[in-house]
Amino acid sequence: MVRYSFVLESAVFLQVMFSVNRGAKLLNSSVSSSNGTIAASVTCGDMACTTVIIKLVNYGATEVDTRVQFNNVHNGQNFKSAVMQTLTGRPNDENTLDNTELIVPRTKPVDDIGIQMTVETAAYSVNILTINTK
């Protein structure tokens, strides 16, 4: 019997994370960090804005607290719940046959969501925060 093994590269995970969370329209917001190593986008998941998608990329070598502020949104736009999906690893890390899950997306619930919030972003990470509004 022939057995095949394969290893998913972190780039595949990244492509899936971004393609599934494209967003339908931009939201008026501001994103900042103490050291400036964050790239971000804030969108509605659909035209009715039943989800808010915040993409945060920390391209720096240190963990960063990132502040997100929604502009022209009242009462947290009825934010109900949120989860954050994170893909992170050191620059030379890679998945191997011996360690297939070194760099894989990890998902965790997020508390304290609102029109102003601070999100912790790991060094060298891509983070997608999905907030349900319905």
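Scroll up to find the structure this text is about.
Scoring rules and cut-offs
- Residues numbered from 1 in each chain as written.
- Predicted model: local features only at pLDDT ≥ 70, side-chain atom pairs only at ≥ 80, totals over all residues.
- Heavy atoms only, no water.
- Helix = DSSP H or I, 4+ residues; strand = E, 2+ residues; numbered from the N terminus.
- Buried < 20%, exposed > 50% of the residue type's maximum accessible area, 1.4 Å probe, protein only.
- Contact = heavy atoms within 4.5 Å.
- Pairing = 2+ DSSP bridges.
- Disulfide = S-S within 2.5 Å.
- Axes fitted to C-alpha atoms, helices over the stretch in contact; angles between N-to-C directions.

Draft legend 1. Structural context of the environment of Ser30. Of note, Ser30 is situated in strand S2 (residues 29-33). For Ser30, a relative accessible area of 37% puts it in the partly exposed group. For Ser30, the contacting residues outside a window of four places in its chain are Arg67, Val68, Gln69 and Asn71.

Draft legend 2. Fine view of the pairing of strand S5 (residues 64-70). By the criterion of burial, S5 is predominantly enclosed, with 5 of the 7 residues buried. Inspection of the sheet shows S2 paired to S5 by 5 bridges, in the antiparallel sense. When the sheet's bridge partners are listed, Ser29 is paired in S5 with Phe70. With 6 bridges joining them, S5 and strand S8 (residues 116-121) adopt antiparallel strand pairing. If you follow Val68 over to S8, its bridge partner there is Met117.

Draft legend 3. Region of the structure containing the state of the cysteines. If you walk through the whole model with that rule in mind, you get 1 disulfide. The disulfide bridge from Cys44 ends at Cys49, spanning 2.1 Å between sulfur atoms. Between Cys44 and Cys49, the S-S torsion sits near -75°, and that sign places the bridge as left-handed. Of the two residues, Cys44 and Cys49, both sit in the buried class.

Draft legend 4. Fine view of the sheet that holds S5. Ordered in space as S2-S5-S8, the 3 strands form an open sheet in which the pairing is antiparallel. Sheet topology places S2 and S8 at the edges, where each strand pairs with a single neighbour. The average angle at which neighbouring strand axes cross in this sheet is 20°, direction not considered.

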